[in-house]
Amino acid sequence: MFKEVDHIAVVVRDTDEALKFYQGQMGLPFLLSEVLDDVGVRLTHLDMGNVKLQLVQPLRGDHPLSRHLDEHGEGFHHVCWKVDEIDEAMSGLESFGLKTKANEPHPAPRGGRAAFVEPSLTRGLLWEMTGK
């Protein structure tokens, strides 16, 4: 079911400032940046070779990631697995003893869909799945 790692996500306060390090200093090639208004985030993808680095910037002060930034600062947030079909993957989690955090998938870049896996069942690591 889990095909490969799609991206590693880092939560940031300001994408443009973060790009000065990740793109400017580290030389990671820019792939895309997209604002998901419904979710209230800006997602920016950089190429790390065999996996993408996703910068996640909350766009509202009341967004859960804004609280996350206040409590933990910038840094690692989640790892995302590529799946063929998100609804099928969500229903198939039970066979692994897993479940999603929400009953419905959320929007992902380029019209995709994604879902987070309940981290209490993945030894504390937040997993996301993304697919069609």
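You'll find the structure just up there.
Draft legend 1. Structural view of the pattern of salt bridges. Within this structure, the stated rule accounts for nine salt bridges. Close ionic contact of Lys-3 with Asp-84 constitutes a salt bridge, the shortest N to O distance being 3.3 Å. Of this pair, Lys-3 sits in the segment before strand E1 (4–11) while Asp-84 is found in the loop between strand E5 (75–82) and helix H3 (86–92), placing the two residues 81 residues apart along the sequence. The shortest N-O distance in the salt bridge between Asp-70 and Arg-13 comes to 3.7 Å. Of this pair, Asp-70 sits in helix H2 (residues 64–72) while Arg-13 is found in the loop between E1 and helix H1 (15–25), placing the two residues 57 residues apart along the sequence. Exposure remark for Arg-13: the relative accessible area of 45% places this residue in the partly exposed category.

Draft legend 2. Region of interest: the nonpolar core. Within the largest apolar cluster, 11 residues are counted, these being Val-79, Val-83, Ile-86, Ala-89, Met-90, Leu-93, Leu-98, Ala-115, Val-117, Trp-127 and Met-129. Contributing elements (two or more residues each) for this core: H3, strand E7 (113–117) and strand E8 (127–131). For Val-117, the contacting residues outside a window of four places in its chain are Leu-93, Leu-98, Lys-99, Thr-100, Lys-101, Thr-122, Leu-126, Trp-127 and Met-129. By size, the runner-up hydrophobic cluster in this structure holds nine residues, among which are Val-12, Tyr-22, Leu-53 and Leu-55.

Draft legend 3. Looking closely at the side chain of His-78. Position of His-78 relative to the elements: it lies in strand E5. In this structure the side chain of His-78 is engaged in a polar contact, spanning 2.9 Å, whose partner is the side chain of Glu-128. For His-78, the contacting residues outside a window of four places in its chain are His-7, Ile-8, Ala-9, Gln-54, Phe-116, Leu-126 and Glu-128.

Quick notes on the rules
- Residues numbered from 1 in each chain as written.
- Predicted model: local features only at pLDDT ≥ 70, side-chain atom pairs only at ≥ 80, totals over all residues.
- Heavy atoms only, no water.
- Salt bridge = Lys/Arg side-chain N within 4 Å of Asp/Glu carboxyl O.
- Helix = DSSP H or I, 4+ residues; strand = E, 2+ residues; numbered from the N terminus.
- Buried < 20%, exposed > 50% of the residue type's maximum accessible area, 1.4 Å probe, protein only.
- Core = buried A, V, L, I, M, F, W, Y, C linked by side-chain atoms within 4.5 Å.
- Contact = heavy atoms within 4.5 Å.
- Polar contact = N/O pair within 3.5 Å; in protein donor to acceptor, adjacent residues only side chain to side chain.

By themselves, these figures tell us nothing about what the structure is for.
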